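Each chain is listed here by its residues.
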Amino acid sequence: MSYSYQIKSLEQYRETYKKSVEDPEGFWGVIAKQFSWKRPWDKVLDWNFTGPEIKWFAGGKLNITENCLDRHLEKLADKPAIIWEPNDPSENNRILTYKELYREVCKFAQVLRNNQVKKGDRVCIYMPMVPELPIAVLACARIGAIHSVVFGGFSAQSIADRIQDAQCSIVITSDGGFRGNKEIPLKSVIDEALLSSPSAKKVIVLKRTQSLVMMKPGRDLWWDEELKKVEAGSSQDFPAETMDAEDMLFILYTSGSTGKPKGVVHTCGGYMVYTNYSFVNTFQYRQGEVFFCTADIGWITGHSYIIYGPLSAGATSLMFEGIPTWPNAGRFWDIVDKYKVNILYTAPTAIRSLMGFGLDPVKGKDLSSLRILGTVGEPINEEAWHWYDEHIGKKKCPIVDTWWQTETGGILISNLAGVTPSKPAHATLPLPGIQPVLVDENGNVVEGTDAAQNAIDSKMPGELKSGNLCIKFPWPSIIRTTYGDHNRCFQNYFSAYKNLYFTGDGALVDEGGNYRITGRVDDVLNVSGHRIGTAEVENAINMHARVVESAVVGYPHDVKGQGIYAFVIRQGVQFDKEQDRKEIIQTVTKIIGAIAKPDKIQFVSGLPKTRSGKIMRRILRKIAEGETSNLGDTTTLLDPSVVEEIKNGKL
Ligand code: WT7
């Protein structure tokens, strides 16, 4: 069988998709041959969803950094691998060619080795968006250490939880970071986190803000001093560790419907193959183009589409340290203009926030280099889609609406830019190898929504269908386990519906088979594209001394997509409400981080509970959404009168 790696027409997409579901092993076997393996695999795929036990390219040996760096050195040595735009536009930018990035990664790999980091060790990375962050990530991968990047907005408590869960032996951080006009004191947050994280014996600290930090003797080391020791040595090449395709590459913590974030595990071979394949096809990347993904590397989007996808494809990946609205709301457009960005990949929340500034910030910016636009992270509303299309893409750039998750590793449902049709607010069609289906509450597949079956039967759904989105067959970058608790992985993703991976999202499928993701159907919120579990926020709120109980739900928010609405029962109603609100917000910031701050806090004397004590969130959700009449059945409530009180006090 022969496939073209980059799909070029709708017809070719249909043909490739059909083949990929009729013979997944044959398909992925051919795709994976594009990479540099130290030893070929024995078997393309081994799987069951009842473990789950999923092995891609078993027996294959590789190192992902050889695929991201070494193999490009012959032809692309002097091509920019990473373009870095600093927070402050008056500071010098940095451009690292493939050869330079290779050298830096090798040197830092040696630093890690000098500090006794071994294959399989877990390394926590808590850094601002500077080139040393991808360098640290790739250096881990080069020596076979498992990186766990923690987003710079998380609190000391959140970091401590993550370090302990993974038993990280070392932390890589910086003195601080710049974001807009703020300076974030990363090192002091780490100092606090390490008070309760005994597994971490060392901290490597990059100088970024030059602010004064405490350096604990015997534990804390300066990045530049460690690097100097390596530079004084004879060889600056660092041979890449040989990894099994199924060895862990990284852990990334994400929120679920329970209080404790889980460590999503991705492995080396399948993740490499899928991030590359999805990058090249979704964005239709052409050699020489500049790709700008505005995400933070602390989230999966940054892992897959700032680092691994683009670099494995030999692309130029632009990373930006700052925020879209500083020094003004034209910053993205300045960057596009300055570097002649060809592909821009951002979040609906950023688009909506920039829309709010009107068209002035776009005026006079040369956006003519743009060829393709993308969005990710949450459903994009039609208004934002059209604004992006008209004012940024000037109606000549295809927009890809890419649906995926931390657990999926890469984009699963999206149009392929300019190749398959786009439809506003629709992620549209599955990528080759992806087999989505919708199921009803009883777990039965909704007729006509099985994309793979439709392809095989040359059928279309015929009419609009809705259900819960599941995937019925593994793809190379599917989650393998939740770190330290394999059963949790099964319970979370594979137990709701037998033999299906359940995404947690609801979706529609139109007559033409286009998927439209409508949002989470579980207790997970999506606030500005950040994933937050309601239980986590409740736990944090409950840490406040005067809080008796709380219930958190999402409500529609113009810019953030969803806002956080907290209903709180407090002790001592005589205390000042504003003061208590402030303190609760401080508590949440301290326990989780500023991203989880409630937008609204309503004090109530009781919560709507069933006789068995379960909070009826459905009712709270409706009230938070502004619904007052249609609250559904409230007869099973222990005390229906609380509903009236809550309705009357709505903020
Ligand atoms: C959740 C996953 C994937 C990287 C960023 C978020 C929502 C993601 C879309 C989209 C509608 C989307 C889903 C999903 N989501 N992309 N194009 N359209 N919803 O990763 O934090 O793991 O969140 O984000 O609800 O389940 P994440």
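Residues numbered from 1 in each chain as written. Predicted model: local features only at pLDDT ≥ 70, side-chain atom pairs only at ≥ 80, totals over all residues. Heavy atoms only, no water.

Peer 1: For the site of the ligand, give the residues involved together with the corresponding values.
Peer 2: Taken together, 17 residues sit near the ligand, with Asp401, Thr402, Thr406, Asp505 and Arg531 positioned nearest. Backbone polar atom of Glu378 to a nitrogen atom of the ligand: 3.3 Å apart, as the coordinates give it. Bound to the protein, the ligand loses 95% of the 560 Å² it would expose on its own. Taken together, the elements giving at least two residues each to the shell around the ligand come down to α11 (300-312), β20 (399-402) and β25 (515-520). Each residue belonging to the shell around the ligand can be placed in one class, and the counts come to six nonpolar, six polar and five charged. (Near = heavy atom within 4 Å. Polar contact = N/O pair within 3.5 Å; in protein donor to acceptor, adjacent residues only side chain to side chain. Areas by Shrake-Rupley, 256 points an atom, 1.4 Å probe, with all protein chains shown as cover. Helix = DSSP H or I, 4+ residues; strand = E, 2+ residues; numbered from the N terminus. Nonpolar A, V, L, I, M, F, W, Y, C, P; charged D, E, K, R; others polar.)

Peer 1: How would you explain the packing of aromatic side chains if you had to name every residue and give the values?
Peer 2: Tallied over the full model, the rule gives 39 aromatic pairs. Seen in terms of ring centroids, Trp47 and Phe473 are 5.0 Å apart; in terms of plane orientation they differ by 65 degrees. Their pairing is edge-to-face. Within this pair, whereas Trp47 is found in strand β1 (residues 43-48), its partner Phe473 is found in the loop between β22 (465-471) and β23 (481-482), the two being separated by 426 residues in sequence. Given a relative accessible area of 15%, Phe473 falls into the buried group. (Phe/Tyr/Trp six-rings, centres within 6.5 Å; stacked < 30°, edge-to-face > 60°. Buried < 20%, exposed > 50% of the residue type's maximum accessible area, 1.4 Å probe, protein only.)

Peer 1: Before we move on, can you summarise the sheet that holds strand β12 (residues 220-222) with the specific residues and values?
Peer 2: Sheet architecture is open: eight strands sit in the order β12-β11-β8-β6-β7-β14-β15-β23, paired in mixed fashion. What marks the edges here is a single partner per strand, and that holds for β12 and β23. Bridge count between strand β14 (residues 248-254) and strand β15 (residues 262-267): six bridges; the pairing is antiparallel. Note on β15: the bridge partner recorded for Ile251 is Val265. Sitting on the sheet, helix α8 (residues 186-194) is in contact with β6 (122-126), β8 (170-174), β11 (202-206) and β12, with an inclination near 155 degrees to β8. (Pairing = 2+ DSSP bridges. Contact = heavy atoms within 4.5 Å. Axes fitted to C-alpha atoms, helices over the stretch in contact; angles between N-to-C directions.)

Peer 1: A description of the pairing of β6 should follow, citing residues and the corresponding values.
Peer 2: With five of five residues buried, β6 is to be regarded as a mostly interior element. Alternating positions in β6 separate into two faces, Arg122, Cys124 and Tyr126 on one and Val123 and Ile125 on the other, with burial throughout. Of the pairings in the sheet, the one linking β6 to strand β7 (residues 146-149) comprises four bridges and is parallel in character. Residue pairing in the sheet places Arg122 in a bridge with Ile146 of β7. Relative to β8, β6 runs parallel, the two being bridged by four bridges. Bridged to Cys124 within β8 is Val171.

Peer 1: Just give me the short version of the sheet that holds strand β21 (residues 436-439), but keep the residues and values in it.
Peer 2: Across the sheet, which stays open at both edges, the four strands sit in the order β21-β22-β24-β25 with antiparallel pairing between neighbours. Of all strands in the sheet, those bounded by a partner on one side alone are β21 and β25. On average, each strand axis in the sheet is tilted by 45 degrees relative to the strand beside it, whichever way the strands run. Relative to β22, β21 runs antiparallel, the two sharing four bridges.

Peer 1: A description of the side chain of Asp175 should follow, citing residues and the corresponding values.
Peer 2: Summarising the element assignment, Asp175 is placed in the loop between β8 and β9 (177-179). Ignoring any residue separated from it by four or fewer positions in sequence, one finds Asp175 in contact with Ile184, Pro185, Leu186, Lys187, Val205, Leu206, Lys207, Arg208, Thr209, Gln210, Ser211 and Val213.

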